[in-house]
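# Structural characterization, general
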Amino acid sequence: MNIVVCIKRVPATDSRIKIGADGTSIDPAQIEWIISPYDEFAVEAALQMKEAAGGGEVTILTLGPAESTKELRTCLAMGADKAVLLKDADASSRDATATAALLAEAIGDLNADLVLCGKQAIDRDQGQVGTLLAAKLGLPCVTEIRKLEITDGKANVERAGEDGTSETYNVALPAVLTCTKGLNEPRYASLKGIMMAKKKPIDERDVSAADGALQLASLELPPPRRDGRIVGEGVEAVPELVRLLREEAKVL
Amino acid sequence: MSESIVRDLFLGELRDDLILPYPFLDADAAEMLGMVRETVSRFAADHIDPAAIDQAHKIPAEVFEGLAEIGFYGQRIPEEFGGLDLNTSQYVRVSVELARIDGATAIMSGGHSTIGIKALLLYGSDEQKARYLPRLATGELKAAFALSEPDAGSDAQSLKCTAKLRDDGAYELSGEKLWITNGGFADLVTVFVRTPDHPRDDGRPSISCFLVEKSMGYVPGKEEDKLGIRGSSTVPLLFDKVVVPAENMVGKPGDGFRMALEILNSGRTGLAGNCLGASRFLLEEAARYTNERTQFGQPIARFPLIQEKLGRMAQDIHALECMVFLTTGLIDKVGMAPAVESALCKIFGTEVLWATVNDAVQCAGGNGFTTDYPFERMLRDARVNMIFEGTNEILRVMVATAGMAEPLKRVGEADTLSSEYGRKATGREAPDPLPVPEALQAESLALSMGVADLAQAAAKLAAEHGKAIRGEQLACAALADMTLATYAQAAVLSRAAAVVDAEGEEAAAQELLLAKGACRRLARRGREAAGRLRDHDNELLFKTAEAVSELGGLPGERP
């Protein structure tokens, strides 16, 4: 089975984010980059399926700047077979439609039986690429899966439904599935895997896209947290505190 | 003997062919290291709890197993035996990452990869390697190194453990080894013993090296109850007529002591890397604490006496990093004998860590003294580094003795005064400054002056003491400190020059700031050491010490 996993290079969650000079991007200086954590569930799922089947091929695909080879290399070190980098210096400003179109075009050549994505990238948190990709490819899509099994050429997947229910679907392959927490525990790249990843191929392709339908107009940091306020001391302060919680903070 | 930066410093020479360019990892190796770092830090975040390890006095089994899973035990083992074949530059950088997290686990790992398997790697036969290395690479076997004995510490050559040749060709080992890191659980120990059946030329029993499996019957003693690195295993090993087959001897009979020294020499950059990792972590923790802790209405990080600490920690750690990676780069590229340079890395690393942890504890005030924060544990963990793998005292004498070999030869030669060396030795000429960017000219000149001071001091001491200089331990220590300062300055300038070349002066502003500060601090340290040769009260010290030894305490007590 050929499995394609789409990943994205994103800033580490503990990075101190600064807005770049253009006002619509993140200043890349001093940022540590990681594979978006939901994408790691997708990579792990692909590797487990390949191991269970005793064969097949796992291809990692990303749209990103040239530096994304680091994240691709990490996936290869985890055990993926090859990687494709759609090199795009402006990747971060592409909207989800443009991103999905570029990914879909690349997947067209890869003869995929299954496409896995994270449910969303943790930088923009829009959660659109997986579904748009399925639409572009004309494939069925289940989002936010937390269980996955392949039997008789079909994927049996489970996702959380409304009010704590569990939905289980049987999906004909090929399909696009987006992965969420609970699906598995992503492995670490072993030191041995890291050495072996050196010898695995990364296919780098220059891509360009027309401007998408969305243009990011501005990007702003959240306002700094306001200082705490001391409303009084002891029991006497309680009525005022309750009033403020109700009327100002509106949490009661 | 291959080339050495340090030996030439004693002659007033700055080997810019060895010092420049700074050996940064190439892009591929750097990317690989980034991945290794991520694996190690994620594994550690999930599985290594340094406070729990400290309290339990034990590294839990899941840490051992997890390290095996990520392939940690095979770092230095060739790929053909299932290892990763990391070179020294890469291996030490990985050590830095583990040591950030837990001192005990770092020592365990080093006990295996740095010294435990080294005799086999360097001197083992193909058959011995094939027999043991694959299982050592997976961590199925863990290794230890056994040289010290109750009466043979710094004076390792006085060891007494003995291997007698039996009629069947096997050897029978008897005696006691002490302070054996990993000894409690190791499956394969490199043991150094007397072999009276292979006498030296002077008739005394030679020293040979054996690989001894645990199943052959030695007995680990009780775990030492230690000040720090409490989770690591440190035990005596008791050998009571343990039968070891002849094919487990490593190298030739009688080669053991030379091998032991070379293993220790080659391993000291690993320990320096551990110190670098722990120091970097402490600086980050101190930075965070002093930013968050508010007194008198502002973060204490804004007070000059705290800034002094943060600044000097950063300068020292930066200098240490430059020195360690210059040295590992030389080991990998030139294949030079790293004995003296590695010893300097060990001295500097262990002392920078000690100063750093002391400053970090102080930055954290009362909290630094409690187990709620990592500082007190790291202070305890740091202390042993100045003691083991060659005490810093012994290593200072070793650095000075090695450096003095050439000056001792040359001062006696007739035409010395008129030679280039003569001009350096008498202070008439300083070495050409290292070619560095404009912004560091002053620091480069200061380094040349420091090297000139060292050459002059070495020549003077050689003339005064001749070969007896080895016994002048305080003078040796001063020489070693001058050497350390100049070698570190050279390393800092080397790196700064490379960064400015690659990125331009503007982008390298922080590098230059650190380099300037570190160089000035080191130059002052060198001048202070030179001053100790001229202006000291050693006689008063020695007399007082003699009185203390005789009276068993403070002399001249009055009510």
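Before any of the text, the structure's been laid out above.
So, here's what we can say about the structure.

Our focus in this paragraph is the overall build of chain B. Within chain B, the regular secondary structure consists of 19 helices and 10 strands. Computed over C-alpha atoms, the radius of gyration of chain B comes to 24 Å, within 12% of the 24 Å expected from 2.2 N^0.38 for 559 residues, which places it in the range of a compact globule. Dimensions of chain B, computed from C-alpha atoms along their principal axes, come out at roughly 70 × 70 × 65 Å. Relative to its full complement of 559 residues, chain B shows a buried share of 55%. Within chain B, counting contacts between residues at least 6 apart in sequence, those at least 24 apart form 75% of the total. Entry remark: accessible area of chain B is about 24200 Å², with carbon and sulfur atoms responsible for 52%. Across chain B, the 59 positively charged side chains and the 81 negatively charged ones have centroids separated by 3 Å.

Moving on, we come to empty space enclosed by the protein. Enumeration over the complete set of coordinates arrives at 2 cavities of 30 Å³ or more. Computed from the structure, the largest cavity encloses a volume of approximately 160 Å³. Looking at the largest cavity, it is lined by 16 residues, and the ones nearest its centre are B:G103, B:A278, B:L353, B:D381 and B:N385. Looking at the lining of the largest cavity, the elements with two or more residues in it are α7 (103–116), α10 (256–292) and α13 (375–383) of chain B. Among the elements that take part in the lining of the largest cavity, α10(B) stands out by supplying 5 residues, more than any other. Its residues assigned to classes, the lining of the largest cavity comprises 12 nonpolar, 3 polar and 1 charged. Here the second largest cavity is characterised by a volume of approximately 70 Å³. What lines the second largest cavity is simply A:E40, A:T74, A:M78, A:R187, A:Y188, A:A189, B:M35, B:E38, B:T39 and B:R42. Secondary structure elements with two or more residues in the lining of the second largest cavity: α2 (69–78) of chain A together with α3 (27–47) of chain B. Ranked by residue count, the leading element in the lining of the second largest cavity is α3(B), at 4 residues.

Think of it this way: side chains of opposite charge can pair up when their charged atoms draw near. Residue and element names in this part refer to chain B. Per the counting criterion, the structure on display carries 54 salt bridges over all chains. Two residues, K424 and E13, come together in a salt bridge whose shortest N-O distance is 3.4 Å. Of this pair, K424 sits in helix α15 (residues 420–425) while E13 is found in the loop between α1 (5–9) and α2 (16–19), placing the two residues 411 residues apart along the sequence. Residue K424 is classed as buried on the basis of its relative accessible area, which comes to 4%. In this structure, the salt-bridge partner of E285 is R288, at a minimum N-O distance of 3.0 Å. Taken together, the positions of E285 and R288, both in helix α10 and 3 residues apart, correspond to about one turn of that helix.

Below, the discussion takes up the interface of chain A and chain B. The interface of chain A with chain B comprises 16 residues on the first partner and 20 residues on the second. Of the roughly 1700 Å² buried between chain A and chain B, counting both surfaces, carbon and sulfur atoms make up 61%. Together, A:Y188, A:L191 and A:M195 form the three largest contributors to the area buried by chain A at its contact with chain B, with a combined 42%. Linking chain A with chain B are 4 salt bridges. The residue B:E31 makes a salt bridge to A:R73 at a minimum N-O spacing of 3.2 Å. Summed over the shared surface of chain A and chain B, the result is 8 residue pairs in polar contact (both at pLDDT 80 or more). Counting residues per element, the ones that place at least two in the side of chain A that touches chain B are α2 and α5 (191–197) of chain A. Among the elements that line the side of chain A that touches chain B, the one with the most residues is α2(A), at 5 residues. Its residues placed into classes, the side of chain A that touches chain B shows 7 nonpolar, 3 polar and 6 charged.

About the cut-offs
Residues numbered from 1 in each chain as written. Chains lettered and ligands numbered in written order. Predicted model: local features only at pLDDT ≥ 70, side-chain atom pairs only at ≥ 80, totals over all residues. Heavy atoms only, no water. Helix = DSSP H or I, 4+ residues; strand = E, 2+ residues; numbered from the N terminus. Rg over C-alpha atoms; globule rule 2.2 N^0.38 Å. Buried < 20%, exposed > 50% of the residue type's maximum accessible area, 1.4 Å probe, protein only. Contact = heavy atoms within 4.5 Å. Areas by Shrake-Rupley, 256 points an atom, 1.4 Å probe, with all protein chains shown as cover. Lys, Arg positive; Asp, Glu negative; His and termini not counted. Charge placed at Lys NZ, Arg CZ, Asp CG, Glu CD. 1 Å grid on protein atoms, 1.4 Å probe; cavity = no way out; pocket = protein on both sides within 12 Å on 5 of 7 lines; lining within 4 Å. Points joined across faces, edges and corners; volume = space filled by probe spheres on them. Nonpolar A, V, L, I, M, F, W, Y, C, P; charged D, E, K, R; others polar. Salt bridge = Lys/Arg side-chain N within 4 Å of Asp/Glu carboxyl O. Buried area = accessible area lost by both parts, 1.4 Å probe. Polar contact = N/O pair within 3.5 Å; in protein donor to acceptor, adjacent residues only side chain to side chain.

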